[in-house]
2 protein chains.
Amino acid sequence: MLLLKSLKGEKIPRFPVWLMRQAGRYMPQYRELREKERDFLSFCKNVDLASKVSLLPVELLQVDAVIIFSDILVPLEPMGVKVEFLEGEGPRLEWDGSVKSLKKISFSQVEFVGEVIRRVKAQVKDVPVIGFSGAPFTLMSYMVEGRSSKDFKKTKLFMWTSEQYADLMKLLCENLLEYLLGQIRAGADLLQVFDSWAMHLSYEDFEEYVYTYLKPFFEELKKHTDKPVIYFFRGSGSFLRALENLPVDALSVDWTVDMVSAMKESSKAFQGNLDPALLYCDEESLQKKTLEFLRCIPRKTKYVFNLGHGLMPDMELSKVKLLVDTVKGYRLS
Amino acid sequence: MLLLKSLKGEKIPRFPVWLMRQAGRYMPQYRELREKERDFLSFCKNVDLASKVSLLPVELLQVDAVIIFSDILVPLEPMGVKVEFLEGEGPRLEWDGSVKSLKKISFSQVEFVGEVIRRVKAQVKDVPVIGFSGAPFTLMSYMVEGRSSKDFKKTKLFMWTSEQYADLMKLLCENLLEYLLGQIRAGADLLQVFDSWAMHLSYEDFEEYVYTYLKPFFEELKKHTDKPVIYFFRGSGSFLRALENLPVDALSVDWTVDMVSAMKESSKAFQGNLDPALLYCDEESLQKKTLEFLRCIPRKTKYVFNLGHGLMPDMELSKVKLLVDTVKGYRLS
């Protein structure tokens, strides 16, 4: 499988490509299936619909990987956190604020995720299936803020001053290990861990409050699986210095990170990082800019094409298809 | 003057300190004066009120610099852009979209800014007065978006695809030079240029669409004044590599930039970059974290303490005062 070969640094004829949020609202076919369940979490838990949606990007775009359709907040429910998605407002989370009252989870409690993986695996051949989770810090932020945030004021106060911080991070690490390894047992070919919110921290705070937990977390994960692991983080190229020592196979970075320079100095595989806003351009500019971007990649392997962040609902399917085709047409001679 | 000495790299007994948005809504005394003018731009143009407000931080906090009270959008009005501030919603800008219809400005059209500087200068002795402007890219963004933005979609499309982009950036550079040099003639001791939005670009786009204009802009500025110039940019530590060659005296960075490492590799002075959210902590944590931060600064000069971004309306004056006092009490033996 092309993507796995590239992560390993084997010789490849072209760069593999998949896109974050590749199954999403920008697709008419997604919107049609989405209507069949009112509530977003019920939609994720409907194995039939979640499997069908996961496969749409392979059918419509011929991307080089399937990421299972789910949400990073899924493993929080069995921990004892009430999770709701409000129409047009995003997630709302509720718990009593006491880490002691939270539970250790078992993958059997979210077995629908395993079933989606098995169904998707049965449908695709030469394309790997990506299992995923949120990173401990990002999930902790959602729990503490109770929703998306702009300033992460509550998160930072909790992190800087609460004696519960270490306990919550450790519990999340433990539960996420169970959650990710369950996905591997169900058949996932690789894993991606999403850290969307660590970007709001200073380098010093990232080292002290995130990296301290992240390193043993990935070490433990790697003890139990030899499947590749990708760590996605938004923003702050400053963190790359610390991340070089993280036991993951690839770093997935957003477009504000100088990935070209980073690749020259790192032994890790990289994934990313085209600015998704390019999809709002006319077709000619999109194609031209994508090719310019590809020509700057200083390697012929150990790279996976992706955007710096997820696709947006107001993007056009035809342009997303053009983007994928442009990357697939770029040969590594 | 302590701040100027530090920028030059001279020996200093302690680090100088001032805070972005140090005169603002968090101060009861500001809110009282603010009530005297309904409209925000009229408030900036009221020389009497703007001078009084500029001086509040020296009176109440004993900071080491006065930044004149004004707004980065002020020089856009005489260019032919309609600028309004809507209560609780921020700025709204309107123009006909044709760069040819925009005008070259003269500082005499915004002479109230000069008058504020003269009045403030007359009131303070050992404290320098900072003149400022927005950076060309940030002002272009406001003009193209018409307001604050989250995704900078219009800005990026304009930048990537419009033939007017270069003309608008050149006109802004020319007008901002006039605007900044007018402030120097009025008596400003140093200048700060705020680039709040360049953080949303990739490194490649920053080089091609921002740095290309920024470098000649600062070169031209430096031909006409020997006063120190500080360039403030938010986000992206990735840009530091390019900025090392920018002819400015100091880089002011936000807390997501690994400033400690940057300082070790750079000959520039630095300003920043404590996470402003620390001001939401209890007094003990605020003091402790501030001292920890100061102890990590790898220099004894060429540094100015500041936050990574501006003060927020819900911060407490007493804690801001404690922060300033903590920095002033930290001796460089």
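Quick summary incoming for the structure in this document. Counting restarts for each chain: residues are numbered from 1 in the order of the written sequence. Chains carry letters from A onward and ligands carry numbers from 1 onward, assigned in written order. Under the rules for a predicted model, residues below a pLDDT of 70 receive no local features and side-chain atom pairs below 80 are neither given nor counted, while totals for whole chains, interfaces and linings still include all residues. By convention in this description, side-chain values take in all heavy atoms of the structure and omit both hydrogens and water.

This part is about the relation of the copies chain A and chain B. A residue counts toward the fit only if its pLDDT is at least 70 in both copies, and the copies are then superposed by least squares on the C-alpha atoms of those residues. In the superposition of chain A on chain B (RMSD 0.0 Å, axial shift 0.0 Å), the rotation amounts to 180°. A rotation of that kind, with that shift, is consistent with a two-fold axis.

Another aspect to go through is the sheet that holds strand S7 (residues 250-253) of chain B. Residue and element names in this part refer to chain B. Sheet architecture is open: seven strands sit in the order S1-S4-S5-S6-S7-S8-S9, paired in parallel fashion. Both edges of this open sheet fall to strand S1 (66-67) and strand S9 (303-307), since each of them pairs with a single strand only. Residues are treated as being in contact if the distance between any of their heavy atoms lies within 4.5 Å. To obtain an axis, a line is fitted to C-alpha atoms, over the contacting stretch when the element is a helix, and the angle between two such axes runs from 0 to 180 degrees between their N-to-C directions. The helix and strand labels rest on DSSP assignments: H or I over at least four residues marks a helix, E over at least two residues marks a strand, and numbering proceeds from the N terminus. With respect to the sheet, helix H8 (residues 165-186) is in contact with strand S4 (129-134) and strand S5 (190-195), its orientation differing from that of S4 by roughly 170°. When DSSP locates at least two bridges between a pair of strands, those strands are taken to pair.

Our next topic: the interface of chain A and chain B. Many structure descriptions define interface size as the accessible area lost when the parts assemble. Taken residue by residue, the interface counts 33 residues in chain A and 33 residues in chain B. Two parts placed together each lose some accessible area under a 1.4 Å probe, and adding up what both lose gives the buried area. Of the roughly 2600 Å² buried at the junction of chain A and chain B (both faces included), carbon and sulfur atoms supply 53%. Each reported salt bridge corresponds to a side-chain nitrogen of Lys or Arg within 4 Å of a carboxyl oxygen of Asp or Glu. Scanning the region where chain A abuts chain B turns up six salt bridges. When the shortest N-O distance is used, the salt bridge between B:Arg241 and A:Asp258 registers 2.7 Å. Any pair of N or O atoms that falls within 3.5 Å is considered a polar contact. Within protein, one atom must be able to donate a hydrogen and the other to accept it, and sequence-neighbouring residues count only if both atoms are side-chain atoms. Run the count over chain A and chain B and you get 16 residue pairs in polar contact (both at pLDDT 80 or more). Where the side of chain A that touches chain B is concerned, the elements lending two or more residues are helix H7 (153-161), helix H9 (203-224), helix H11 (259-265) and helix H12 (283-296) of chain A.

Residues and elements named next belong to chain B. At a minimum axis distance of 8 Å, the contact between helix H5 (residues 111-123) and H8 shows a crossing angle of 35°. Relative to H8, H5 is oriented so that their crossing is right-handed. Seen from H5, the contacting residues are Val113, Gly114, Ile117 and Arg118; seen from H8, they are Tyr179, Gln183 and Ala186. Taken together, the residues that form the contact of H5 with H8 break down as four nonpolar, two polar and one charged. With the far helix as reference, a near helix turned anticlockwise by less than a right angle produces a left-handed crossing, and one turned clockwise produces a right-handed crossing. Three classes are used: nonpolar for Ala, Val, Leu, Ile, Met, Phe, Trp, Tyr, Cys and Pro, charged for Asp, Glu, Lys and Arg, and polar for all others, with Gly counted as polar.

Next up on the list: helix H7 (residues 153-161) of chain B. Think of an α-helix as 3.6 residues a turn; residues three or four steps apart then line up on the same face. Along H7(B), the residues that are buried comprise B:Thr155, B:Lys156, B:Phe158, B:Met159 and B:Trp160. Considering only its buried residues, H7(B) is in contact with H12 of chain A together with helix H6 (136-145), H8 and helix H9 (203-224) of chain B. Each residue is assigned to one of three classes by its accessible area relative to the maximum for its type, calculated with a 1.4 Å probe on protein chains only: buried under 20%, partly exposed between the two thresholds, exposed over 50%.

Residue and element names in this part refer to chain A. What the seven strands build is an open sheet, ordered S1-S4-S5-S6-S7-S8-S9; its pairing is parallel. Unpaired on one side and paired on the other, strand S1 (66-67) and strand S9 (303-307) mark the two borders of the sheet. Judged from the five bridges that link them, strand S5 (residues 190-195) and strand S6 (residues 229-233) form a sheet pairing that is parallel. Counted as the bridge partner of phenylalanine 194 is phenylalanine 232 from S6.

Attention now moves to the pattern of salt bridges. In total, this model carries 40 salt bridges over all chains according to the counting rule given. Ionic pairing is found between A:Lys222 and A:Asp249, a salt bridge with its closest N-O pair at 2.5 Å. One end of the pair, A:Lys222, is in helix H9; the other, A:Asp249, is in the loop between helix H10 (240-243) and strand S7 (250-253), and 27 residues separate them in sequence. Two residues, B:Arg185 and B:Glu178, come together in a salt bridge whose shortest N-O distance is 3.9 Å. Relative accessible area serves as the criterion here: at 59%, B:Arg185 is assigned to the exposed category. A relative accessible area of 23% places B:Glu178 in the partly exposed class.

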